[in-house]
Amino acid sequence: MRSDEKVAIVTGGGSGVGRNSALALVRDGYSVVIAGRRLEPLEETKAEAGEAESRIMVTPTDVGDPNAVAALFAKTLETFGRLDVLFNNAGTGAPRMPMEDLAYEDWKRVVDINLTGSFLCTQQAIKIM
């Protein structure tokens, strides 16, 4: 990697906005680390980059897990030596139902991914930016 190449991490990089953002960043010359819980969609994102796929690093990560997030950022720093952009995109929703019927476990999963995941990733990013 050239010292002038920018590096980005995109969470939720296996589909939707995360996938499209990761591919846009690669087209703009970034090296991109894509993180998400499921390996197959991350690999599909990488394959969509075509000739630029060598600038995408796939890292399966549960952003609600502090140890997994720390490993994601350590691997990024070890591989690229820097981080310029963090796109906290990972997110999920609860099953559609009346709130009084929503199981605590489903609520906690949403909070862990949407809120705690963004907090943990931002905390790690600040340490290496």
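Above: the structure in question.
All of the points below concern the structure found in this document. (Residues numbered from 1 in each chain as written. Predicted model: local features only at pLDDT ≥ 70, side-chain atom pairs only at ≥ 80, totals over all residues. Heavy atoms only, no water.)

### Section: helix H3 (residues 66-80)
Then comes step 1: Here H3 contains 15 residues, and its C-alpha end-to-end distance of 21 Å stays within 8% of the 21 Å for a straight helix at 1.5 Å per residue.
Then comes step 2: Taken together, the buried positions of H3 are Ala-68, Val-69, Leu-72, Phe-73, Thr-76 and Phe-80. Each buried residue of H3 lies within a common arc of 135 degrees when the element is viewed along its axis, so the set occupies one face. Facing away from the buried side of H3, by more than 90 degrees, are the exposed residues Asn-67 and Glu-78.
Then comes step 3: Considering only its buried residues, H3 is in contact with strand E1 (7-11), strand E2 (31-36), strand E3 (56-60), strand E4 (85-87) and helix H4 (104-128).
Then comes step 4: Its side-chain oxygen placed 2.9 Å from the backbone nitrogen of Asn-67, Asp-65 serves as the N-cap of H3.
Then comes step 5: The first or second residue beyond H3 is Gly-81, which carries a positive phi of 75 degrees. (Helix = DSSP H or I, 4+ residues; strand = E, 2+ residues; numbered from the N terminus. Expected span 1.5 Å × (residues − 1). Buried < 20%, exposed > 50% of the residue type's maximum accessible area, 1.4 Å probe, protein only. Arc of directions from axis to C-beta. Contact = heavy atoms within 4.5 Å. Polar contact = N/O pair within 3.5 Å; in protein donor to acceptor, adjacent residues only side chain to side chain.)

### Thoughts on the pattern of salt bridges
Then comes step 1: Evaluation of the coordinates by the stated rule reveals 4 salt bridges.
Then comes step 2: The salt bridge partner of Arg-19 is Glu-48, with a shortest N-O separation of 3.3 Å. Of this pair, Arg-19 sits in helix H1 (residues 16-27) while Glu-48 sits in helix H2 (residues 39-48), and the two are 29 residues apart along the sequence.
Then comes step 3: A relative accessible area of 49% places Glu-48 in the partly exposed class.
Then comes step 4: Within the structure, one salt-bridge network assembled from shared partners comprises Arg-19, Glu-44 and Glu-48. (Salt bridge = Lys/Arg side-chain N within 4 Å of Asp/Glu carboxyl O.)

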